[in-house]
Each structure stands twice: as structure tokens, then as C-alpha cells.
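# Commentary on secondary and tertiary structure
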Amino acid sequence: MNNSGLFLIKNGHVIDPAQQIDRLGSVLIQDGAISGILGPNEDVAEADILDASGFIVCPGFIDLHCHLREPGFEYKETIASGTLAAAHGGFTTVCAMPNTNPVADTRATVDFVTSRANQDGAVRVLKIGAVTAGSRGERLVEMGELADAGVIGFSDDGLPVSNSNIMRQALSYSSTFGLPIINHCEERSLSLGSMTEGWVSNRLGLLGIPNSAEEVMVARDIGLAKLTGGRLHIAHASTAGTIELVSMAAQEGLSVTCEVTPHHLTLSEEAVLGDGHADRSFGPLGASAYDTNAKVAPPLRTRADVASLVQGLKEGSIDFIATDHAPHATVDKLTTFDKAASGISSLETALGSLMSLVHDGDITLQLLIEKLTAAPARFLGRNLGSLKSGSPADVTVFDPNKEWVVDPSAFVSKGKNTPLSGVALKGRIIATIVAGDVVYQQNG
Amino acid sequence: MTQIGEVAEPNVLKSIPSPHLPARRHCLDLDDYSRQEIEAVLQNATVMKDVMHREIRKVPALRGKSIVTLFYEPSTRTRVSFEQAGKILSADVINVSSSGSSAEKGESLYNTALTLQSMEADIIIVRHPDSGAPNFLARHLNASIINAGDGSHAHPTQALVDLYTMASHADRLEGLRVAIVGDIQHSRVARSNLWGLTKMGASVVLCAPPTLMPIDFLGGHHSRSNNPFTSVEIETSIERALEGADVVMALRLQKERQDAGNLPSLREYSRLYGLTPKLLEKARTSVIVMHPGPMNEGVEIDPAVAHGPMSVIEEQVANGVAVRMAVLYGLVPATRHRD
């Protein structure tokens, strides 16, 4: 950047759902903050220029659910590699889940993440604290202290808060700080299997997980939110029943929100069958079956569930999109389906896969951007996710029509675990800007 | 003397056209076998049986080939019959089991497999508690993989043994009414038999308490497109399942099912689903009774049935070697081209 401190993202299609802006124009940044949105072809003397003609210019994406793995699992991901992956995916803010080693259940661990993020982070990093010590589900963490350390909510993600009384106390106690309890809803006595229960699990001889494993806990938690008046957020909603329950709770005026991941919006249980089974055929399984990269918690669901999630996004019963980026080392997936780790490395493919919903006419581009920017910012209650003058200059520029083929070996994330390897996606990040600094720019 | 590949003695298998075994790299399940290929394997098994009754039980088909049996679960009949089959075909057979190998030290399946690959195993015969382990090996290794039973997924050679045993008693597989009774949900034998029997045109009825029947079978699997199992009947009453059956196959009931809550007790299971002489009266008078073994006599099958006149259970075991020889022989073209 030159000495003027001026940076013009020029002649793009500017979409800012927070301000209901959807027009051609240029975004002017000064000293790390948004200065304003100019008309097309307006020139600013001495400004650095990023030519965005033909591209979408929107607020930087916010991901309220990802796993950066540090401390403890640096072989899977680090704060440096994870935030770089975020930058490549157009995310300017990511929120680190606390299931590290040690679990982020004390101020010391949260502060470690903060300092590491300040030092190594390519994008903004927010923290989520654990609900219970060690995420063991037994005793609440010192929520007041973690709130002081800046956490934006509490979650034992990776695991549910199984004990109903602990969940009740968590919802009640956290309401003092106005922070949500983010629950990974999974009734574990019902989820002994490794994929969705149905025709694919039967075909593969894998023990299935019924949708009810998620729904019974969602229903329980809504009951507890009603009882306590606490703030409940359902992580990675994956079933039609969950969407129905959450929208009923919202209609009742309860403080219940939910998120959905790109993979649950775009992939179904058939992905586990491997190559050539997209048409849900009963053809031979062959060597590519049991794709461990399609193993994730909650599991990829039926096509009917996928359709319900897309519908929920359209109707507003789903509050925002979060990636649940869950990087794993190759060795964690290089085994049988039952033994493989759960999770998908998704920061770098999120936009491309979500854009398929736009290209297929399922949702509008404006809605997609809203669910990645203004909506999560609203949940956070922070001045992010908008191009309003004076806001931090977090901006994402992408080409909605650029086709590319997913090559996990080219990921900057350490996690190469994606079921999308070799899949052609349409929609690619051109540049990611955090507080006025270009943290990613596509070459060529 | 009959040569391998020729039509054998007059037999129910005689109507089968002259066998031609296509080159096959792996045997993972019967889902990728055509009806013709299954017929060819059964017919070659008849020839192999003849080989087994020779004075010198040895043919050179797999001479110079090395076979590794890699068993992560206990097994007597499957492992021994594969070993025997390999030896009669002149292969060098090495047995590896999870206990006593590096697997016990926590070595991953992948690394164990790579070790076997560096030792130039031509054929790896794998049994594993996890569904899909053979597919995993087939994905990563050059060797031919034979599935000797993986989790609840598949046990193709057992299904071929069962088809062979049925074919040697009935005059046809087409239209044969086969009742499979027991823990369908967790049964790799049932799943592979379902493929085999469906391809051969048999009519199959699956019978289990609803807690041991896959939810997809209970919940209208018929509606799915390309579903090869639309003719399969689902029954929770054993009386109805056995009606008019030509073949009744009882499945082993794992004792863990009681602890897992699938069943109130083994006693109740035995009372409701145990195969008794009285229940068999519902079936055809010519009915044969099968069991993939090992049996829990007194649970899924009454000893009087297991060892009674309708039982062909020992025959199944005896056929195991010949059928597995035929399967190994079917891989020969695949292993040969590596020379």
C-alpha cells in the first residue's frame, strides 16, 4: 500500500446485504476502514487499485464454526495454516472451536489462541470457550473469566452436552453474559454408527445414525432454552426435523438460532459410496467406496434433508452458514470408514460449493452473501460483515463464474480431507482483504 | 479325467452353459458378478471338487503365486478352507492374523498392507471387523483382494458356497424360494447372499425381528430406482417366512445383540425365531436347512434341525474348499498378467 492509505476496489458488482446495496461501484478503503462506496469509474487520486470488473465485491465472509486445531493437534492444522486457508476461502473472520488439547476451558488456553492468532493469523480469529471443563460434560467452565477473555460463546463441539441438567445450568448461567451455548446436538446412545442410517448404510453394511439422534437433543435443548430463557445456538443443523423444530422455537419467540454447513447443503449420504454413485445407483461398489473423506459429524444426510436445509436457508429458519472446517491429517482418514476421523476441510471449497446453489437457481446470490456476512455479524453483535463507512475494511472479491477443479494437494490448509477432490466448482475467490490489507490474491 | 473349465459330472449344474471365467482382479462382493460369472464359478467348483477327490490333490494353477490370508477376526472354516484351496492350487500360502502380528502393536491396516505388498503378495484374502476394509485394500494395493468377510458388509465366497450347496440340491436356482432368518442387520452373509440369489433369479424372504432388520428394508426400500431387490420380501413372522420355502438359512445370532438392546433375551429370540422341526413343517417337504456357521445350537437353530435330515450344514463346509478354489482360479488371469 502506498503512503496515501487509500485503496480502491474498482468497478465491481458490490453486494452488501447489511445495507441492501446491490449495484456496480467501487469500494474505497482508507487506513483499514471502509471509506465509502463510489459510483463506477469514479477515480480516486493516489489510491491503490484492485480491478474488480466482472467480480462480486462484498463484505468479508464470517465463519462462526471452524477448527484450527492449535494447541495440541498441530499436525492437523495450525492457527497460521487454518487462517491462511480462511483467507483463500474469502473468510475474513473465523471462530475457533475449543476442542483442542488442552480444551479451551481456561483463560490461559483462550489467551494462547488470542496471542497466536495475533502473531500468526492471516484473518481475524474469534474464540469459543468450552461449556464444561475438558468438554467432559460434568462441570461448567468459569464462564465469567472466559467472557472477559473475549469468547463469543460456549461449546463442547465435537461432543454434545449430554447431561440435561448441565445443559440447563449452562444456558441459565451464560445468559448473564448474553453469550450463546452452541450445542453439537447428538444423542450418543443413538449415534453409535458412522453414517446416516438408510439405504446407503444398509448397502455398505455400516451401522447407521438416525436423524432422531440429532433431533431428540435439539428438542430437548429448545425445551431447556424455554425453561431458562438462555441463548441457544444449534451447531451444524443437518436434518429436516431440526429445521422444523428450530423454526417452531423461533416462532415462539425463543432465543434459538441455528447454522448449516456447505457440505450439508450440497452433499448427501450417497457421497460415501464413492465414484460414480451420484445417481444413487445400485451398481458395484468397487475400490472407491467407503470414502472416508465423506465421513463427518453430523453425517451427510438424505437428499430430502438437503432439500429441507436449502428451503430453511431460503425461508430464514436457518440463521447463517458456517463451515465446520475440520482439517485432519491424511493418516487420520487413511483407514476403514469406522475408524476414520470425522470432518471435512472446507474453508477453501465453501464458496465454490455454495455457489452451486446459486447457479442451480435454488437461492439468490444476495441471500448467500447475507448468510455469510450480515447474518453471522448480527449473531455476533459486532461491527463486522458490512461495507458501511467506518466499518473495518474486511472485503471479499470473487468471480461467481470462474470454474475450477478441486485439488486437495493445492490446499493451504494442512487438512486435505475433502470429498470434493476432482470435482469441478464454479465460483472462486479473487482477493480477500482484512482491515485494508490484502491477505489473499489469486495469481493470474 | 475332467479338466478345469470343462463341464463335470451330471449334476444340477449341468444346464449351465460352458463356463468362461472373465479376468477378475478382486472379489469384494457379488454385486459386480454377472449371472454368467456366478454360474461359471459354481461349475468350476464342481470340477475342483473332482480335483479334491484325486489321489494326488494338486494342480499347478497358482504355482509360484503367493497368497496371504490376513485375518483380523477369528475364523476356522473360512481361513482353513482358503488355505487348503490355495495349497491344492499350488500357491504358497502365508497366514497372518491380527493376534501375533504387528497389528497387535497397533500397526494400522494400511501399514500392514504395505508390508505385505512389499513382500510381493499376489492375492490377499482379508477378513476384518470393519465394513469396507477389502475395498480399502483394493484402493491402495496392487495385489488381488478377496473379501473373506468384512463387518456387516459382505462375505462373497460364503454366498457362493451357499449358492453351490443350494444348486446341488435343487434342480434350479431360478425361482427357488429362500428364507433367510436371523440378524439381517448385522449379517454380511445375508447381504452377499441377497446379491447372489437375486442375480440368479431366486425369490428371497428376509426374516428378523424389526430390531435386527435394516430400517431401509423395513421402510420401503422398494421405491428406489434401479433397486435390484424389489422382489425381496420382508417378514417379521417366521411362520410366514418359512411358508413354501425350498431353502431355510439360519444366521448366527451374536450374543452382543442382547446387551446392545436389540433383543430382550436370547431365550425370547430362540422361542420366536429359533428354527425347530415343527416350524420346518411350514416349508416344502424337500426343504434344506443351511447355516454359515459357527452355530449357536439352541439359540437360532434347534440341535435336532442342525443335525437332522434336512440339514446340509456340513456339506456347506465341505463345499467351502472347492468353491474357494474356483474363486482363486477365477483370479488367475488377473494375477497372471503381472508376469
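Here, residues in each chain are numbered from 1, in the same order as that chain's written sequence. Just so you know, chain letters begin at A and ligand numbers begin at 1, following the order they were written in. Reporting of local features is limited, given that this is a predicted model, to residues whose pLDDT is at least 70; pairs of side-chain atoms are given and counted only at 80 or more, and all residues count toward the totals for whole chains, interfaces and linings. Here the side-chain values reflect all heavy atoms present in the structure, with hydrogen atoms and water set aside.

Our focus in this paragraph is the domain arrangement of chain B. Residue and element names in this part refer to chain B. An automatic or database domain assignment is the source of the domain bounds shown. The domain boundaries assigned to chain B delineate domain 1 (12-154 + 320-336) and domain 2 (170-311). Taking only C-alpha atoms into account, the centre of domain 1 sits 26 Å from that of domain 2. Contact with domain 1, which involves 20 residues of that partner, is made by 18 residues of domain 2. Between domain 1 and domain 2, a total of about 1,400 Å² is buried, with carbon and sulfur atoms accounting for 51% of that surface. Defined in terms of a 1.4 Å probe, buried area is the accessible area two parts forfeit on being brought together, summed over both. Area buried by domain 1 at its contact with domain 2 is led by Arg 35, Arg 77 and Ser 152, which between them contribute 36% of it. Here, a salt bridge means any side-chain nitrogen of Lys or Arg that lies within 4 Å of a carboxyl oxygen of Asp or Glu. The salt bridge involving Arg 188 is made with Glu 73; its shortest N-O contact spans 2.9 Å. Any two residues having at least one pair of non-hydrogen atoms within 4.5 Å are treated as being in contact.

Residue and element names in this part refer to chain A. Numbering of helices and strands starts at the N terminus; helices are DSSP runs of H or I of at least 4 residues and strands are runs of E of at least 2. Relative to the helices and strands, Glu 259 is located in strand 14 (residues 256-260). Relative accessible area decides the class of each residue, using a 1.4 Å probe on protein chains only: under 20% of the type maximum gives buried, over 50% gives exposed, and in between gives partly exposed. In this tally, Lys and Arg are treated as positive and Asp and Glu as negative; His is ignored, and so are the chain termini. Nearest to the buried, unbridged Glu 259 among oppositely charged side chains is Arg 231, at 10 Å. Any pair of N or O atoms that falls within 3.5 Å is considered a polar contact. Within protein, one atom must be able to donate a hydrogen and the other to accept it, and sequence-neighbouring residues count only if both atoms are side-chain atoms. Of note is the side chain of Glu 259, whose polar atom sits 3.0 Å from the backbone nitrogen of His 236. If sequence neighbours within four positions are ignored, Glu 259 has contacts with His 65, His 233, Ile 234, Ala 235, His 236, Ala 237, Ile 318, Phe 320 and Ala 322.

Moving on, we come to the packing of helix 1 (residues 35-52) of chain B against helix 5 (residues 156-167) of chain B. Residues and elements named next belong to chain B. Here, axes are lines fitted to C-alpha atoms. For helices the fit covers the stretch in contact, and angles between N-to-C directions go from 0 to 180 degrees. Running from N to C, helix 1 and helix 5 point in directions that differ by 75°, and their axes come no closer than 10 Å. Judged by the inter-axis angle, helix 1 sits roughly perpendicular to helix 5. Residue-level inspection shows Ile 38, Val 41, Leu 42, Ala 45, Thr 46 and Lys 49 of helix 1 in contact with helix 5, the latter providing Leu 160, Leu 163 and Tyr 164. Each residue gets one label: Ala, Val, Leu, Ile, Met, Phe, Trp, Tyr, Cys and Pro are nonpolar, Asp, Glu, Lys and Arg are charged, and the others, such as Gly, are polar. Taken together, the residues of the contact of helix 1 with helix 5 sort by class into 7 nonpolar, 1 polar and 1 charged. By definition in this entry, angles of less than 35 degrees are roughly parallel, angles greater than 145 are roughly antiparallel, angles of 65 to 115 are roughly perpendicular, and the rest are oblique.

With that settled, the discussion passes to the side chain of A:Ser81. Among the structural elements, A:Ser81 can be located in helix 1 (residues 79-88). There is a polar contact of 2.9 Å between the side chain of A:Ser81 and the backbone nitrogen of A:Thr78.

Time to look at the sheet that holds strand 7 (residues 233-235) of chain B. Residues and elements named next belong to chain B. Between any two strands, pairing holds if DSSP finds at least two bridges. One open sheet accounts for 5 strands, arranged 7-6-5-8-9; its pairing is parallel. Two strands close off the open sheet at either side, each with one partner strand: strand 7 and strand 9 (288-290). Each strand of the sheet is rotated relative to its neighbour by a mean of 20°, with strand direction disregarded. Sheet topology note: the strand 6 (residues 203-207)/strand 7 ladder contains 3 bridges and is parallel. Bridging from a neighbouring strand, Val 205 pairs with Glu 233 of strand 7.

This brings us to the confidence of the model for chain B. In regions of low pLDDT, the predicted coordinates are not meant to be interpreted in detail. For every residue, the predictor states its confidence as a pLDDT score lying anywhere from 0 to 100. On average, chain B scores 89 in pLDDT, and the residues at 70 or more come to 89%. On the interface metric, ipTM, the complex scores 0.92, and its pTM is 0.94.

All chains considered together, the criterion is met by 24 salt bridges over all chains. The closest approach of N and O atoms between A:Lys339 and B:Asp130, which form a salt bridge, is 2.5 Å. One end of the pair, A:Lys339, is in the loop between helix 10 (330-333) and helix 11 (350-359); the other, B:Asp130, is in the loop between strand 3 (123-128) and helix 4 (133-140), on a second chain. Owing to a relative accessible area of 51%, A:Lys339 belongs among the exposed residues under this scheme. Here B:Asp130 falls in the buried class, since its relative accessible area comes to 7%. Across the pair B:Arg24 and B:Asp32 runs a salt bridge, and its minimum N-O distance is 3.3 Å. B:Asp32 gets classed as partly exposed once you look at its relative accessible area, which sits at 33%. Within the structure, one salt-bridge network assembled from shared partners comprises A:Glu70, A:Arg116 and A:Asp120.

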